[in-house]
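# Topology and contacts: notes
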Amino acid sequence: MSVAILREGDYLIAAILSDLTDTEVVELRGELIELVGRYRSRGLVIDVSALDVIDSFVARALRSIVLTVRLRGAHTVIAGIQPDVAIALVQFRLNLGPLRAALDLDAARALLDQLAGGEAEDGR
Amino acid sequence: MSEMSQNPSRADGPRTTDDPTVAAEQEQLLPQLVAHLREHRSKLREEWVGRIRDAHLLEAMTQQEMAAETTSVYDNYVEVLETGSVEALQHYARDLSERIIPRGVETHEVVGIVLLLRDVLARSLFEKYQRDFSLLNRILDAYEPAANRIANTVAVSFVDERERVIRQQQDAIRELSTPVLPVRERLLILPIIGVLDSERARQLTEQLLAGIRTHRAKVVVIDITGAPDVDTTVANHLVQTVDASRLMGASVIITGLSPTIAQTLVDLGVDLSKIHTMGDLQGGLEEAERQLGYHVTRKDGATTT
Amino acid sequence: MADEVRVVIADDADLVTARAEARAMAERLGFPRPDPTLIATAISEIARNIVVHSGGGEIVLKPLEDANRYGLMVIATDAGPGIRDVEAALRDDYSGRGGLGLGLPGARRLMDEFAVVSQTGRGTTITMTMWCKEGQR
């Protein structure tokens, strides 16, 4: 299985476990959007720490998830972007505007607590 | 000596191997020359060692080392004259450099001893061919370009090796001078001291991102007070570093921005309002603590959150 | 050359292979971080173009050696429809959806050297290289 999805109360945690094909990325997007709706999650964490490449396709998919899931009232945090991947994303100049990122799952949950808790502090 | 300046071929300078008859002749002369240098090897080598001592060169070497190295250099020298191939010499010169640089032998010493050998051998040729002036000239025409190429090769190999060593040392220094300091929980300070070049900027990013991971930092303060100036490439890199840090969940505060550097960033199209900048490190730290949710108590009892 | 690696690009599973092979070669050659990731990312973009726009092609990874540096060259070829306007494709049209979505400008930003040769109806060849200075290995 390439992705593990867990429900933790109001939050949904999706951990990507290995490099995904484009088809799997599209499937994942559909699945997460559906699940967020079904469980009325208030927060979604996507753990990408197993990805050693995030290219424009995956980045666009992530951005799309963030925006769509927002429409259903949930915040998304991307957790675990590897250092080299972060550099590549920046050098590539991918527009990651709305994306919120956290170092790991714990930090992601904490950030969601802040966002979904209604305080909406500008963590940028 | 006035004869020399009147000699037609000498006045034009040494004849080159562009002239086919000259080349053919040199082909016969070189073996003669090499044979002579081999025949008188011991004597000439000793004479050379004497000159080295008189010039106070290679004082870092023991007598045995001196004997061994001068023998090797002499033999290599003669072999290059004979074969015209500098590869073996390059190899030897690199090898020699690797051995003697750590012992503190300097460039001028290496260049010096090679030139002294050149002189010693030249004089020996003068002595041998003094009766036939035109032959002497032709011998020198064969000898000089080869001797110069040797001196050049040895010197360049030595300098290259030195530069390699210096680069290694610089890398070590750079690493030391971009320390990432965990000051408090979740807070890193990266003070940048000295010139920030492309290579250093790259290392800086790597160390910073690794530091964010290791210390699980949420805020990083990069203080560039100690960096005299920053060019566009490096400024660009700094901005990328900030963005990359954010992707790892850390916010960045840059402190110590001089007006010049601030201008460079603005010219780059960097929206300075996107990056937190503070005048000095103190201000940066306070802002960082504020972001981390610390309460800062001042001496007069007033608090800020 | 014995050291060359060839990856056939036919479907999106091959992108995973291409990324992995590129990273493996870059690390084997001693590229310092983050270069292996940059190379793998650039290749992912180019390989995807082949799958999406050309119906198939191949990528060759070639180790290079110069006077005082090492390199990794990527040669991506396909027999697809070709790119009509290479200059436009190389321009940054990344606003929201992004121009043609070809990812070429992005890949170019990641690599040291980048060249595109394309002929309508004949296909495209993209050559890109990453260099690594001797002292950095």
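Everything below is about the structure shown above.
In this report, we go over the structure that sits alongside the text. Everything numeric in this text was worked out from a predicted model, so none of it was measured.

### Details of the overall build of chain C
Secondary structure summary: chain C contains 4 helices and 5 strands in total. In sequence order, the secondary structure elements of chain C are arranged as β-α-α-β-β-α-α-β-β. Within chain C, the fraction of its 137 residues that count as buried is 36%. Considering only residue pairs separated by 6 or more positions, chain C has 64% of its internal contacts joining residues 24 or more positions apart.

### What to know about the sheet that holds strand β5 (residues 100-102) of chain A
Residues and elements named next belong to chain A. Read across the open sheet, the 5 strands follow the order β1-β2-β3-β4-β5; overall the sheet is mixed. Among the strands making up the open sheet, the edge pair consists of β1 (3-8) and β5. Here the strands of the sheet are splayed against their neighbours by 25 degrees on average, with no regard to which way each runs. In the sheet, strand β2 (residues 11-16) pairs with strand β3 (residues 43-47) via 5 bridges, with the strands oriented parallel. Opposite tyrosine 11, over in β3, you have glycine 43 as the bridge partner.

### Examining the interface of chain C and chain A
Between chain C and chain A, the residue contacts involve 20 residues of the former and 17 residues of the latter. Counting residues per element, the ones that place at least two in the side of chain C that touches chain A are α1 (13-29), α2 (35-54) and α4 (104-110) of chain C. Top element by residues in the side of chain C that touches chain A is α2 of chain C. It accounts for 7 residues. Among the residues forming the side of chain C that touches chain A, the class breakdown is 8 nonpolar, 5 polar and 7 charged.

### Considerations on unusual backbone geometry
Here the residue pair arginine 33 of chain C and proline 34 of chain C is connected by a cis peptide bond, since its omega of 10 degrees sits within 30 degrees of zero. In this structure, proline 34 of chain C sits in the loop between α1 and α2. The phi angle at leucine 58 of chain B is positive, at roughly 55 degrees, despite the residue not being glycine. Relative to the helices and strands, leucine 58 of chain B is located in the loop between α4 (41-54) and α5 (63-83). Given 22 C-beta atoms within a 10 Å radius, leucine 58 of chain B is considered buried.

### Overview of the sheet that holds strand β3 (residues 69-78) of chain C
What holds strands together in a sheet is hydrogen bonding between their backbones, with the strands either parallel or antiparallel. All names here are of chain C. Pairing is antiparallel across the open sheet formed by 5 strands, whose spatial order is β1-β2-β3-β5-β4. Across the chains shown, the open sheet's two edge strands, defined by having one partner strand only, are β1 (5-9) and β4 (113-119). Along the sheet, successive strands turn relative to each other by an average axial angle of 15 degrees, direction set aside. In the sheet, β4 pairs with strand β5 (residues 123-133) via 7 bridges, with the strands oriented antiparallel.

### Considerations on the environment of asparagine 236 of chain B
Residue and element names in this part refer to chain B. Within the element layout of this structure, asparagine 236 appears in helix α10 (residues 232-247). Classification of asparagine 236 as partly exposed rests on a count of 18 C-beta atoms within 10 Å. With 28 residues separating them along the chain, asparagine 236 and threonine 264 place their C-alpha atoms 9.3 Å apart.

### Some points on the pairing of β3 of chain C
Residues and elements named next belong to chain C. Where strand β2 (residues 57-65) and β3 come together, 9 bridges link them in antiparallel fashion. Its bridge partner lying in β3, glutamate 65 is registered against tyrosine 70. Examined bridge by bridge, β3 and β5 share 10 bridges and lie antiparallel to one another. Following the sheet pairing, aspartate 78 is matched in β5 by threonine 124.

### Brief notes about the packing of helix α1 (residues 22-39) of chain A against helix α2 (residues 56-71) of chain A
Residue and element names in this part refer to chain A. Orientation of α1 relative to α2, taken along the N-to-C sense of each, is 10 degrees, at an axis distance of 10 Å. Here α1 lies roughly parallel to α2, going by the angle between them. Judged by residue contacts, Asp22, Val25, Arg29, Leu32, Ile33 and Val36 of α1 engage Phe57, Val58, Ala61, Ser64, Ile65, Thr68 and Val69 from α2. Looking at side-chain class alone, the contact of α1 with α2 contains 9 nonpolar, 2 polar and 2 charged residues.

The rules behind the values
Residues numbered from 1 in each chain as written. Chains lettered and ligands numbered in written order. Predicted model: local features only at pLDDT ≥ 70, side-chain atom pairs only at ≥ 80, totals over all residues. Helix = DSSP H or I, 4+ residues; strand = E, 2+ residues; numbered from the N terminus. Buried ≥ 20, exposed ≤ 12 C-beta atoms within 10 Å, placed from the backbone. Contact = placed C-beta atoms within 7 Å. Pairing = 2+ DSSP bridges. Axes fitted to C-alpha atoms, helices over the stretch in contact; angles between N-to-C directions. Nonpolar A, V, L, I, M, F, W, Y, C, P; charged D, E, K, R; others polar. Parallel < 35°, antiparallel > 145°, perpendicular 65-115°, else oblique.

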